[in-house]
Amino acid sequence: MSIRNLHHAINPQSVALVGASNRAGSLGRVVIENVLAAGFKGEIWPVNPKHDQVAGLRCYRRVADVPGVPDLAVIVTPPTTVPALIHELGVKGTRAAVVITAGLNADQGLRQGMLDAAKPFLLRIIGPNTVGLIVPSAKLNASFAHLQAQPGGIALLSQSGAIATSLIDWAADNNVGFSKVISLGDMADADAGDFLDLLAGDRETRAIVMYLETVPNPRKFLSAARAAARVKPVVAIKAGRHVEAAKAAATHTGALSGADQVVDAALRRAGILRIEGLAELFDATETIARFPPLQRSRVAIVTNGGGAGVLAVDRLVDFGCELAELSPETIRALDRILPGNWSRANPVDIVGDAAPERYRGAIELVAHDPGADILIVMNCPTGLASPVDAASAVASLAQSGTISGKPVLTCWLGGQTARNGRQVLQEAGLASYDTPSDVALAASYLARWSKTQEGLLRVPSRKSHETPFDRGSVQSIFRRVAAEDRWMLNEAEAKAVIAAYGIPIPQTFIAKSPAETERAAATLLQKGSKVVVKLVSKSVTHKSDVDGVVLDIPAPLAAREAAERIAARLKAHDPAAVVDGFTVQPMIERKHAWELILGITRDPIFGPVILFGSGGVSVEVVADSAVALPPLDAVLAGDLIDQTRVGKLLAGFRNQPAADRKAICRALTALSQVIVDFPCVLSMDINPLVASAEGVIALDARIEIDPQAIARPSPNRDLAIRPYPSDWEKQIGLAGRVYELRPIRPLDAALYPAFLAKTSAADIRFRFLASRGHFNDQMLVRLTQIDYEREMAFVALDNESGELAGIARIYADPDHESAEYGLLIRTDLQGHGLGWALLALLKDYAAADGLQRLEGLVLSDNAKMLRMCREFGFAISSHPADSTLRIATLALQPQAGTS
């Protein structure tokens, strides 16, 4: 849905507790006691026909009897009563409800009845089957948690009530506070994506932590997560990493859990740091919330104990961190201030008798080394120097947790002796950890999170500019296969598809019989020394299962005999199997080549997925693969390669030359383009794709389609991440200037400050319906990081200067029937038709996207906008509740098009 009306839940001025009770031990009693104990200052209205008073407050028999309009309702009544209560609350004017009641999911009629009752009023529902909602800053505890949560800057979203209450308990013991605690429950309406959207703009929240068991609306979730992760750290535990746990999660929530490797890829693409255990959740959050993302994450260590440094290095390597290599200049500078027996390498062992001055000098030099990005400072207690004095020396160099602008993580080992040193460090704003393993893990959090942030700026287009493709020929192949009611393409068809998208293939003949195989081999052997013969059979998925491939065939007659042997082996394996023919192709032999697998598969949650890894017949045994969500560009394809072991080998080693990385990336972006263009593709394997310094060539391919989905249009709406809609780019000329009109991109946030500086305060007031003196970074991110699904924004860029000239935006309602629009043109560029051009583009897009009307709120004194709206065909009416506003409405005619 959206964040509409959810603000009533997190900032209520009044609360109705429906089902509040005096009965000891009842849910209604626990909830109202929690509300009162938290000190909520607004109106509290118990509702229960069985009581005149509850907890000393007057109790009302019906919702209609409540003297005011509750901003928030909390429902703790039997499941059968919930739909009617939601309707009564909607009529009353309430727009948000926490349904603590469990059991509605067991009866889909009740669940749907609840949602149907809420829909006419846009009343938002949290739950059902939730622990409740806690907003410490508002002194609101509308839950049955056993403890009050302390105020702080971390927002907790949890799909498990038990995990939420456990984390509240743990936080109380570790002095961790919350801005919001939201138990999501069964997410019948408001889900994790909605609250990520809401919390992204919440000033009280500096970081978000999540416990997830499923992602019900992946496209919305990833869009919201990407927007939130650009402005504040987002950390998640996703349960169900193993098959058994996923089954348990499904039993628990009634929801499907995607393959863990895919979940990992999705969270990484969304900029979310995924961790594995509850104990790590707040440590990871506190670590990354201290620092901005890093371009690189090379770790340097300064320690007075060599053993501690070695332990830290072991764990850093375990966690996949990169060690810094100190420059010769840094080594020479350290030589001048350190004892002769110092380590002369990273870790920098400054020896056990290190005085504060030695710590200070070594740290300053290492922090200034251009090859170091993260600094770990360690101390082991000795009788030769004071840990507190060493901590004071480090603290004297620190500014906002950094030294020379680089993150500093400290580790003072020991108990009683180290405790005071840690306190000094923490008071100076430095992160402090107890053990080498802990500090190494913290460095890995920062490194991994920084890496995820890079992906947030990638918005691959629906059209690859790196790979030539012939969509028409592929469409013809798929239509022919579907007309024959086939799901599987034969090898020649599959190779023709990938060749049409720029992936090289060897010349391939299809032979219907061993005799034709002999003739095909004779033709190919005129150009080469050997051929390969492979089985073609609809009865067989993997040719290797029936020994259906013969290599290194030197002569035409040998090719015929190979085909005969393959046919015999198939009959022996399965007498009912049918031989449809044989493929004959040259034997490709390349020195220093690697066999890779590229593929497309579908995840039950996140939809189409791209796979890359080590290929060949042993692909399952080697099990070296990684996955990514399409669409991909060359950078994201390279990241996918780097996640595998074979990716390191492809870079070359010893006398092995590097494979052509650009060619591999082009093959991956080609596969991405196929799944963007053809929703009918269910799965695809290219195995092997042979890669060497000479380039790549696909020796075999397998494609499965859904014949019923041939006519589905592109771009593929099954993608969890919607491609950048490049079809809507255009150029126009106005008043002697040329403008590029295109959908907005995340990097456009950098263009806003100059644009706003040239836009008058009056125009900003007209656009945002109120005066605004400042747009903070979070607001600019939210304006530019959109999902192209619920929201679309077009920018106009001056071709000559590259400056932002205007923005037009729509935001669709939850039912995708109407959309609210907004338009802002730079003040000095008004009056030349640019606003008209952007509004026309917005109208065309909205109609092509299936919207039925555009609506906008216009201030009554915004004469220019009202005049343009009338000329454009909008109907203008008065706002029923605000005399300063007018409503502009434009009915849209459905169009054939794509969005």
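Each chain carries its own residue numbering, running from 1 in the direction its sequence is written. Under the rules for a predicted model, residues below a pLDDT of 70 receive no local features and side-chain atom pairs below 80 are neither given nor counted, while totals for whole chains, interfaces and linings still include all residues. Side-chain numbers here rest on the full set of heavy atoms in the structure, without hydrogens or water.

Engineer: Could you give an account of helix α24 (residues 661-677), naming the residues involved and the relevant values?
Structural biologist: Between its first and last C-alpha atoms α24 spans 24 Å; for 17 residues at 1.5 Å apiece the expected length is 24 Å, and the two agree. Partly exposed residues are those whose accessible area sits between 20% and 50% of the maximum for their type, while under 20% is buried and over 50% is exposed, using a 1.4 Å probe and protein chains only. Numbering of helices and strands runs from the N terminus; a helix is a DSSP stretch of H or I covering at least four residues, while a strand is a stretch of E covering at least two. Burial within α24 is extensive, with 14 of its 17 residues counted as buried. Regarding α24, its N-cap is Asp660, as a side-chain oxygen of that residue lies 3.3 Å from the backbone nitrogen of Lys662 further along. Expected span of a helix, by definition, is 1.5 Å for each gap between consecutive residues, and there is one gap fewer than residues. Pairs of N or O atoms within 3.5 Å make up the polar contacts considered here, provided that, within protein, one atom can donate a hydrogen while the other can accept it, and that residues adjacent in sequence are counted only when both atoms are side-chain atoms.

Engineer: Which residues make up the sheet that holds strand β23 (residues 531-536), and what values go with them?
Structural biologist: DSSP-based pairing: two strands are paired if at least 2 bridges between them are found. Sheet architecture is open: four strands sit in the order β22-β25-β23-β24, paired in antiparallel fashion. Two strands lie at the open edges of the sheet, namely β22 (509-511) and β24 (549-553), each paired on one side alone. Pairs of neighbouring strands in the sheet enclose a mean axial angle of 25 degrees, with direction left out of account. One ladder, built from three bridges, connects β22 with strand β25 (residues 581-586); its direction is antiparallel. Within the sheet, the bridge partner assigned to Ile510 lies in β25 and is Thr583. When checking whether two residues touch, look at their non-hydrogen atoms; a contact exists if any pair is within 4.5 Å. In this analysis, axes come from line fits to C-alpha atoms, helices being fitted only over the stretch in contact, and the angle between any two N-to-C directions falls in the range 0 to 180 degrees. Sitting on the sheet, helix α18 (residues 491-500) is in contact with β22, β23 and β25, with an inclination near 45 degrees to β25. Sitting on the sheet, helix α20 (residues 556-573) touches β23, β24 and β25, and the angle it makes with β24 is about 165 degrees.

Engineer: Could you give an account of unusual backbone geometry, with specific residues and numbers?
Structural biologist: Of note, the amide linkage connecting Gly127 to Pro128 takes the cis form, showing an omega dihedral of 0 degrees. Turning to its location among the elements, Pro128 is positioned in the loop between β7 (124-126) and β8 (132-135). In this model, Asn687 is joined to Pro688 through a cis peptide bond whose omega is 5 degrees. The phi angle at Asn5 is positive, at roughly 70 degrees, despite the residue not being glycine. Classification of Asn5 as buried rests on a relative accessible area of 13%.

Engineer: Could you give an account of the packing of helix α12 (residues 328-337) against helix α13 (residues 356-367), naming the residues involved and the relevant values?
Structural biologist: Their axes nearest at 10 Å, the elements α12 and α13 cross at an angle of 170 degrees. It follows that α12 is roughly antiparallel to α13 by the angle criterion. Each of Thr330, Ala333, Leu334 and Ile337 in α12 lies in contact with α13, whose residues at this interface are Arg358, Gly361, Ala362, Leu365 and Val366. Each residue is assigned to one of three groups, with Ala, Val, Leu, Ile, Met, Phe, Trp, Tyr, Cys and Pro labelled nonpolar, Asp, Glu, Lys and Arg labelled charged, and all others, Gly among them, labelled polar. For the contact of α12 with α13, the class distribution of residues is six nonpolar, two polar and one charged. The labels follow the angle: roughly parallel below 35 degrees, roughly antiparallel above 145, roughly perpendicular from 65 to 115, and oblique for the rest.

Engineer: Lay out the environment of Val69 with the relevant residues and their values.
Structural biologist: Following the sequence through the fold, Val69 ends up in the loop between β4 (57-58) and β5 (72-75). Taking the relative accessible area as the measure of exposure, Val69 reaches 42% and is therefore partly exposed. Beyond its immediate chain neighbours, meaning those up to four positions away, Val69 contacts Ser14, Trp45, Lys92, Gly93 and Thr94.

Engineer: Any details on the pairing of strand β35 (residues 804-812)? Residues and values, ideally.
Structural biologist: The buried count for β35 comes to eight of nine residues, which makes it a mostly enclosed element. Note that strand β34 (residues 791-798) and β35 share seven bridges and pair antiparallel. Across the sheet, the residue bridging to Phe794 is Ala808, located in β35. The antiparallel hairpin formed by β34 and β35 contains five residues in its connecting segment, where Gly802 sits at a positive phi of about 75 degrees. Where β35 lies against strand β36 (residues 818-825), seven bridges are found, and the strand directions are antiparallel. When the bridges of β36 are listed, Ile807 appears paired with Leu824.

Engineer: Describe the pattern of salt bridges, and please don't skip the residues or the numbers.
Structural biologist: Salt bridge, as used here: a side-chain nitrogen of Lys or Arg that lies within 4 Å of a carboxyl oxygen of Asp or Glu. One pass over the structure, following the stated rule, counts 49 salt bridges. A salt bridge links Arg745 to Glu729, with the nearest nitrogen and oxygen atoms 3.1 Å apart. Separated by 16 residues along the polypeptide, Arg745 in the loop between β33 (737-743) and α25 (752-757) and Glu729 in the loop between β31 (701-705) and β32 (730-734) bring together distant segments of the chain. A relative accessible area of 31% places Arg745 in the partly exposed class.

Engineer: So, the sheet that holds β7: which residues are in play, and what are the values?
Structural biologist: An order of β2-β1-β5-β6-β7 is seen for the five strands of this open sheet, with the pairing classed as parallel. Sheet topology places β2 (43-47) and β7 at the edges, where each strand pairs with a single neighbour. Taken pair by pair, the neighbouring strands of this sheet meet at an average axis angle of 20 degrees, ignoring direction. Contacting β1 (14-18), β5, β6 (96-99) and β7, helix α3 (residues 82-92) runs over the sheet at an angle of about 165 degrees to β5.

Engineer: Describe the environment of Ala496, naming the residues involved and giving the relevant values.
Structural biologist: Along the chain, Ala496 falls in helix α18. Between the C-alpha atoms of Ala496 and Tyr445, which are 51 residues apart in sequence, the distance is 44 Å.

Engineer: An account of the side chain of Thr402 is requested, with residue identities and associated values reported.
Structural biologist: Looking at the element boundaries, Thr402 is found in strand β19 (residues 402-403). A distance of 2.7 Å separates the side chain of Thr402 from the backbone oxygen of Gln399, its partner in a polar contact. If we skip the residues at most four places from it in the chain, Thr402 touches Phe291, Leu397, Pro407 and Val408.

Engineer: So, the nonpolar core: which residues are in play, and what are the values?
Structural biologist: Leu196, Met210, Phe221 and Phe606 are the most contacted members of the largest nonpolar core, which totals 66 residues. Those residues within four positions of Met210 in sequence are excluded, and the remaining contacts are Leu157, Leu196, Phe221, Val234, Val235, Ala236, Ile237 and Ile272. Definition used in this section: a nonpolar core is a set of buried Ala, Val, Leu, Ile, Met, Phe, Trp, Tyr and Cys residues joined via side-chain atoms within 4.5 Å. Of all hydrophobic cores here, the second largest spans 57 residues; its members include Leu756, Val795, Val858 and Leu890.

Engineer: Any details on the packing of helix α19 (residues 514-525) against α20? Residues and values, ideally.
Structural biologist: Packed helix pairs are characterised by how far apart their axes lie and by the angle those axes make with each other. Axis separation between α19 and α20 bottoms out at 8 Å; the angle between their running directions is 145 degrees. Every pair of crossing elements has a handedness; the one defined by α19 and α20 is right-handed. Within the contact between the two elements, α19 uses Pro514, Ala515, Thr517, Glu518, Ala521, Ala522 and Leu525 and α20 uses Pro556, Leu557, Ala559, Arg560, Ala563 and Glu564. Note on convention: near helix rotated counterclockwise from far helix by under a right angle means a left-handed crossing. Clockwise means right-handed.

Engineer: Give me α18: which residues, what numbers.
Structural biologist: Side chains three or four residues apart in an α-helix point the same way, a direct result of the helix having 3.6 residues per turn. Burial within α18 is extensive, with seven of its ten residues counted as buried. Turning to α18, its buried residues are Glu491, Glu493, Ala494, Lys495, Val497, Ile498 and Ala500. Check the buried side of α18 and you find it contacts α17 (471-483), β23, β25, β29 (681-692), β30 (695-698) and β31. Positioned one or two residues after α18, Gly502 has a phi angle of 90 degrees, which is positive.

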